[in-house]
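Descriptive analysis of the structure
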Amino acid sequence: MAERPTAEIAVPSKDPKEKKKEEKLDTKANGVKDEDEELSEEDAQLKSELEMLVERLKELNTDLYRPALETLRTLIRTSTSSMTSVPKPLKFLRPHYPGLQELFETWPASENKSLFADILSVLAMTYSDTEPRGTLRYRLLSASLLPPTSKISEPGSWGHEYVRHLAAELGEEYTTRQEGEEAVPLPAPEAESDAPKSKPAPVPGTIEDLHNLGLECATFFLGHNAEPDAVDLFVELEIVDRIASLVDANTFGRVCAYMDRCVMLLPPPDDVTFLRTIHKIYLQFSKFPEALGVAIRLNDATLIRQDFNASGNPIMKKQLAFLLARAQIPIEWLKASASEDADAEDEFPEDILDCLSNTQLSRHFKEFGKEVGVADPKSLEDVYKSHLETTRSGLSANVDSARANLAGTFVNAFVNAGFGNDKLMVEAEEGNSWVYKNKDHGMMSAAASLGLGLLWDTDVGLSHIDRYTYSPEEWIKAGAFFATGLLNAGVRTEADAALALLAEHVENKSVPLKIAAIMGLGVAYAGSHREDLLNLLLPAVADDGVSMEIAALSALALGFVFVGSGNGEITSTILQTLMERGDAALDEKWGRFMALGLALLYVGLQDASDATLETLKAIQHPISRQAQILVEVCSFVATGNVLRVQRLLHLCGEHLDALKEKEQAESAEGKKDENKDEKKEDKKPDDTFQSFAVLGIAMIAMGEDIGAEMSMRQFNHLMHYGDPIIRKSVPLALGLISASNPQLPVLDTLSKYSHDHDLAVALNAIFAMGLVGAGTNNARLAQMLRQLAGYYYKEPDCLFMVRIAQGLVHMGKGTIGINPFFSDRNIMSRPAIAGLLATIMAFTDAKAFVLDKYHWMLYFLVTAMYPRFLITLDENLESKPVTVRVGQAVDVVGQAGKPRTISGFQTHQTPVRLGTTERAELATEEFIPYAHVLEGFVILQKNPGWEKEDTMQM
């Protein structure tokens, strides 16, 4: 072992100044000490050659510099070694690096010095831990020393690792400069090394130089399948919008997919910048459906109009129209504004208008039902399967038959929704209708269930409902009005039947009729931003003379119609009302719906709600706090914004009772009795805001898997440590975050909560089970609900809820879902969010709303109900069966090559049903789809290059 000590002495002897560093290296056993021991002949030759070249540079003869530098450059570039070890030349030159640095400073500026800087820049990679950003510094020096005529070599010529190194340092340098700390952090590392080196520490060049170098690196990345690296670099340099000019036909898809995934994780306003950049790239390559999808997410009327009109192909236009109809974008947005009035008069062609208004939805849905074999109506017993329930017989019969019949109304409505053939209502004989099996307010829900049974079928539906509008019974009449609204949800017609029939009743003297008309309009025109409804409904909000109930529901209806519009007129009116109404009015249970109406105006608008939030702070009443939370969570719905979630968790953590006891102790002098009364009154409205904060966490985290998963853990904690109001809101939040997406962990959690000792928690958990399984026919869930029906056979409220949950699980016989996200769960439907939120809002105080006489609020779900199908159409919009593979969607963003986007697929003929997390792809290449995501209506085009014999070989 005699050689070892000699190696240890040999290394520092070359360069005594670097003693410390070399010792460090030895302890790492970084190969230096074994050099002399194990150098092969080639390596020894390379080492001596490199040392000779370094000596050359130290001589006085300047003519030798250029060839020596050229040879060094060639040696470094051609050194191929395994991917895991440091290239040999870099390893051998590492000890000479400090000496070369000093030598570099002594040279006069010249082209040779520029080349020298370029080489030092590569060597600096081995010193990156002790000298930050050396690579970048020498790279920029090299560029600045060149005469203007010649050009510096591409960063890519030094290899991939060098470019990655450079990109990392670019990001660091840019951040340091932006924070204005250039002078502060840089001297620190030089403390270890020697005095002469501390002079050239700052990195030269302007921000513009950094950007230009960044562009060169990104170009290299894009050419070498490293799209995510390019995007990340641009994010750090804050020039994401420039990537549009660098992508080509091969890379744009991967770049956009990666950027799309990043949107959820970015703070505002970066997320919007990203979406706009993606939109620009898609348009550049004429990918209209993708571009339109992004425009819908941005909720930008002008972009949507431009995208819709950008394509000259009439069939592509129809496909885009289907997408707009699914997102329920107001048709008015697509028409040119008054300033461009020249072309404004030409209407859309008939067929495109049909696609835009969803008029064919009902016909296709019924055909789909026939294809899938669920066209026959289901009776209540088919859903309950009560022979499987474990009840004690004889006891449960007729416990509360009015209640049971009411539950039957909803079950029948949800299960047979859209097929227009249920036995209880639509097909019933005149005198034998289910309506008469209910009493009072039950009749309203029963008559309204017609609207659900005939959902989307505007032609047949109105004639069925019409006969109930003449009923002498006020409740039935009200139900018929509401049914008219439900019928038209998400479908636009030339006739505008809902408006024509309901407008006159908004001013009706009878309260049930008035409410039914107002809410019917709200549901029918959800998301349409119709100005004529504004003038119709706004007076009721502002009028002090009307009851809080009517004012709040008018505000809610306006929230539905103008969801996500940020309409200033409505905002100011609702704020005005909240300020002017007396405390007694605001204390009513209806206050929350007025606050919700205000909040819905800001769905997805992010920072646009700031002014409203400030105004709300001025209101001296607990409702102001509730409204602030609702407005904030609606503005940031589905953004996954971490800071907002933290703020909401903070609100949930306040234990109001403890605070109250403190206050009471302080103010226990003379006003004991007064205080008690006040406290009693205060107590109720004061903690409602916590309920909304819990729901808010779900609102912000939904639509993004990681956030949703993290929020599940938070809900678990809240359930353990929260006050009763929080505990009863957690199940609702779980239902909201995975609507129509029954994952086992969620089901098990809800199943546990559904046996809670606090009945309010159990009740909400049962409803949440319905939401989570809505329209999935989930067998496990159905079994759980049957057990619950046996468990709660003596609790009429809970039993009522179990029945409704059973109806929801079998919604549309398993063909209709209520998940607000579509198009591969990328685009959020704003009206759907409004419907879900309004329904859940009624459950924040179930005793006062759903279990009282406002059970018709369950029908708010209708704006979120949409068929879960894939129907392929030919270019004449006739159904065209093709084979597709349906499987679980797999996230393939950033993976190399062309991985499969679905796993565990089965092959079906269209039309097929798609689950929330499922994705479809065409099985053969015989047809080319116009849409980028196979979901809903997809128009196919024959592939001209397809030959029949391929199928023979298969």
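Residue numbers restart at each chain and count upward from 1, following the sequence in its written direction. Since the coordinates come from a predicted model, pLDDT governs what is reported: local features require at least 70, and pairs of side-chain atoms require 80 or more to be given and counted, while whole-chain, interface and lining totals use all residues. Only hydrogens and water are set aside; all other atoms, that is, all heavy atoms of the structure, feed into the side-chain values.

**Brief notes about the overall build of the protein**
The criterion, for reference: By definition, any uninterrupted DSSP run of H or I lasting at least four residues is a helix, any uninterrupted run of E lasting at least two residues is a strand, and each is numbered from the N terminus. Note on contacts: a residue pair is in contact if any heavy atoms of the two residues lie within 4.5 Å. We get accessible surface area from the Shrake-Rupley algorithm with a probe of 1.4 Å; when it comes to residues, only the shown protein chains can shield them.
Scanning the protein for helices and strands turns up 46 helices and 11 strands. Long-range pairs, those at least 24 residues apart, make up 74% of the contacts in the protein between residues at least 6 apart in sequence. Accessible surface, the protein as shown: approximately 40,400 Å² in total, 52% of it carbon and sulfur.

**Side note on the pairing of strand β11 (residues 936-942)**
Condition: The rule is simple: take the accessible area with a 1.4 Å probe, protein chains only, and divide by the maximum for that residue type; under 20% is buried, over 50% is exposed, in between is partly exposed. Only strands joined by at least two bridges in the DSSP assignment are considered to pair.
Counting buried residues along β11, five of its seven residues qualify, which places the element largely inside the surrounding structure. Note that strand β5 (residues 869-873) and β11 share four bridges and pair parallel. Residue pairing across strands places L870 opposite G936, the latter belonging to β11. Bridge analysis of strand β10 (residues 927-929) against β11 gives three bridges, and the strand direction is antiparallel. Its bridge partner being in β11, P929 is matched across the sheet by L940.

**Here we look at helix α13 (residues 227-237)**
Because an α-helix packs 3.6 residues into every turn, residues spaced three or four apart end up facing the same way. By the burial criterion, the buried members of α13 are E227, P228, A230, V231, L233, F234 and L237. Here the buried face of α13 lies against α10 (160-178), α12 (207-223), α14 (252-263) and α15 (270-284). Downstream of α13 by a residue or two, E238 has a phi angle that is positive, lying close to 60°.

**Some remarks on the side chain of D457**
With respect to the element layout, D457 can be found in the loop between α23 (441-453) and α24 (458-469). The contact partners of D457, leaving out residues within four places of it in the chain, are S362, K366 and L487.

**Describing α10**
Keep this limit in mind: What a helix is expected to span follows from its residue count: subtract one and scale by 1.5 Å.
A rise of 1.5 Å per residue sets the reference length of α10, with its 19 residues, at 27 Å; its end C-alpha atoms lie 27 Å apart and thus fit the reference within 8%. Every buried residue of α10 is accounted for by Y162, V163, H165, L166, A167, E169, L170, G171, E173, Y174, T176 and R177. For α10, the elements touching its buried residues are α8 (111-123), α9 (134-145), α12 and α13.

**Some details on the pattern of salt bridges**
Formally: By salt bridge we mean one thing: a side-chain nitrogen of Lys or Arg within 4 Å of a carboxyl oxygen of Asp or Glu.
What the rule picks out here adds up to 34 salt bridges. For R276, the salt bridge is made with D300, and the minimal N-O distance between the two is 3.2 Å. With R276 in helix α15 and D300 in the loop between α16 (288-298) and α17 (301-310), the pair connects residues that are 24 residues apart, well separated along the chain. Judged by its relative accessible area of 15%, D300 is buried. Note that E921 and R900 form a salt bridge whose closest N and O atoms lie 3.2 Å from each other. With a gap of 21 residues between them, E921 in strand β9 (residues 918-922) and R900 in the loop between β6 (883-889) and β7 (902-909) connect regions that are remote in the sequence. Taking the relative accessible area as the measure of exposure, E921 reaches 16% and is therefore buried. Put simply, R133, E172, E173 and R177 are held in one network by salt bridges that share partners.

**A short note on the sheet that holds strand β8 (residues 912-913)**
Going by this rule: As a rule, the C-alpha atoms of each element are fitted with a line to give its axis, helices using only the stretch in contact, and angles between N-to-C directions run from 0 to 180 degrees.
Taken together, four strands build an open sheet; the order of strands is β8-β5-β11-β10 and the sheet is mixed. At either margin of the open sheet sits one strand with a lone partner, and together these are β8 and β10. On the sheet, helix α18 (residues 314-327) packs against β5 and β11 and is oriented at approximately 165° with respect to β11. On the sheet, helix α20 (residues 361-372) packs against β5, β8 and β11 and is oriented at approximately 105° with respect to β5.

**Section: empty space enclosed by the protein**
Here is the rule we go by: Cavities and pockets were defined on a 1 Å grid built from protein atoms only: a cavity is a group of points that admits a 1.4 Å probe but offers it no way out, a pocket is an open group of points flanked by protein on both sides within 12 Å along at least five of seven lines, and a lining residue is one with an atom within 4 Å of any such point. Grid points are joined across faces, edges and corners, and a volume is the space filled by probe spheres set on the points. In the scheme used here, Gly and all other residues not listed as nonpolar or charged are polar, with Ala, Val, Leu, Ile, Met, Phe, Trp, Tyr, Cys and Pro taken as nonpolar and Asp, Glu, Lys and Arg as charged.
A full pass over the atoms with the stated rule returns 11 cavities of 30 Å³ or more. Considered as a void within the structure, the largest cavity measures approximately 410 Å³ in volume. Along the walls of the largest cavity sit 29 residues, with R326, F822, S823, E935 and G936 positioned nearest its centre. Of the residues in the lining of the largest cavity, the class split is 14 nonpolar, nine polar and six charged.

**Considering the sheet that holds β9**
Reading across from one edge, β7-β6-β9 is the order of the three strands in this open sheet, with antiparallel pairing throughout. Because the sheet does not close on itself, it has two edges, and the strands there are β7 and β9. Between one strand axis and the next, the sheet turns by 30° as a mean value, whatever way the strands run. Pairing geometry for β6 and β9, over five bridges, is antiparallel.

**A closer look at the packing of aromatic side chains**
Defined as follows: In this scheme Phe, Tyr and Trp rings, the latter by its six-membered ring, pair at centre separations within 6.5 Å, and the angle between planes marks the pair as stacked below 30 degrees, edge-to-face above 60, and tilted otherwise. By definition, being over a ring means that NZ of Lys or CZ of Arg is both within 6 Å of the ring centre and within 35 degrees of the ring normal.
Taken as a whole and assessed by the stated rule, the structure comprises 29 aromatic pairs. Centroid distance F869 to F937: 5.3 Å. Interplanar angle 55°. Geometry classified as tilted. Note that F869 is positioned in strand β5 and F937 in strand β11, a separation of 68 residues in sequence. Pair check on accessibility: F869 and F937 agree, each one buried. By the ring-pair criterion, three or more aromatic residues cluster together here, those being F410, F414, F482, F560, W590, F593, F849, Y854, W856, Y859 and F860. A cation sits over an aromatic face here: R77 above W158, 4.5 Å from the ring centre. When the ring centre of F689 is taken as origin, the NZ or CZ atom of R625, which lies over that ring, is 4.0 Å away.

**As for the environment of N741**
Here N741 shows up in the loop between α40 (724-737) and α41 (744-753). Sequence spacing of N741 and T917 is 176 residues, and the spatial spacing of their C-alpha atoms is 7.6 Å. Discounting residues that sit within four places of it in the chain, N741 has contacts with V772, N819, T916 and T917.

**A word on the confidence of the model for the protein**
Which entries qualify depends on this criterion: Across the chain, each position has a pLDDT score giving the predictor's confidence in that residue, from 0 to 100.
When pLDDT is averaged along the protein, the result is 85; 88% of the residues meet or exceed 70. Looking over the protein, one finds the lowest element-wise mean pLDDT in helix α11 (residues 187-190), namely 35, and the highest in helix α42 (residues 759-772), namely 96. pLDDT under 50 marks residues 16-35. Its contacts with residues more than four places away, or in other chains, come to 23 contacts. A low-confidence stretch, residues 341-345 (pLDDT under 50), is modelled with one contact involving residues beyond four sequence positions or located in other chains.

**Comments concerning the side chain of S738**
Along the chain, the position of S738 falls in the loop between α40 and α41. The class of S738 is buried, set by a relative accessible area of 3%. Excluding anything up to four places from it in sequence, S738 contacts Q743, V746 and V772.

**A closer look at the packing of helix α43 (residues 779-791) against helix α44 (residues 796-809)**
As a reminder, the rule being used: Working rule for angles: under 35 degrees goes down as roughly parallel, over 145 as roughly antiparallel, 65 to 115 as roughly perpendicular, anything else as oblique. Crossing chirality is assigned from the near helix's rotation relative to the far helix, an anticlockwise turn below a right angle marking it left-handed and a clockwise turn marking it right-handed.
Contact geometry of α43 with α44 gives a least axis separation of 9 Å together with a crossing angle of 165°. On the basis of the axis angle, α43 is roughly antiparallel to α44. Classified by chirality, the crossing of α44 by α43 is left-handed. Along the contact surface, α43 presents L781, L785, R786, L788 and A789, while α44 presents L799, V802, R803, A805, Q806 and V809. For the contact of α43 with α44, the residue count by class is eight nonpolar, one polar and two charged.

**Re unusual backbone geometry**
Note that the residue after P268, namely P269, is joined by a cis bond; omega there is 0°. Residues T910 and P911 are joined by a peptide bond in cis, for which omega reads 0°. As for its placement among the helices and strands, P911 is situated in the loop between β7 and β8. Non-glycine residue E238 carries a positive phi angle of around 60°.

**Re the environment of V850**
Take V850: it is sitting in the loop between α45 (830-843) and β4 (866-867). For the pair V850 and M801, spaced 49 residues apart in sequence, the C-alpha separation works out to 9.6 Å. Residue contacts for V850: discarding those within four places in its chain leaves F800, A842, F843, H855 and L858.

**Observations regarding a negative patch on the surface**
Going by this rule: Patch construction takes residues with relative accessible area above 30% that form no salt bridge. Like charges are linked within 9 Å, and nonpolar side chains (Val, Leu, Ile, Met, Phe, Trp, Tyr) are linked within 5 Å. His residues and chain termini do not enter the charge count, which takes Lys and Arg as positive and Asp and Glu as negative. Note that the charge is assigned to NZ on lysines, CZ on arginines, CG on aspartates and CD on glutamates.
Taken together, the side chains of E507, D543, D544 and E580 make up a negatively charged region of the molecular surface. Mapped onto the fold, E507 is located in the loop between α26 (497-502) and α27 (511-524).

**Some remarks on the packing of helix α7 (residues 97-106) against α9**
In the contact formed by α7 and α9, the axes pass within 14 Å of each other and the chain directions differ by 30°. One way to sum up the angle between α7 and α9 is to call them roughly parallel. Judged by the twist between their axes, the crossing of α7 over α9 is left-handed. Between α7, through Y97, Q101, F104 and E105, and α9, the contact on the second element is made entirely by R137, Y138, L141 and L145. Residue composition of the contact of α7 with α9, grouped by class: five nonpolar, one polar and two charged.

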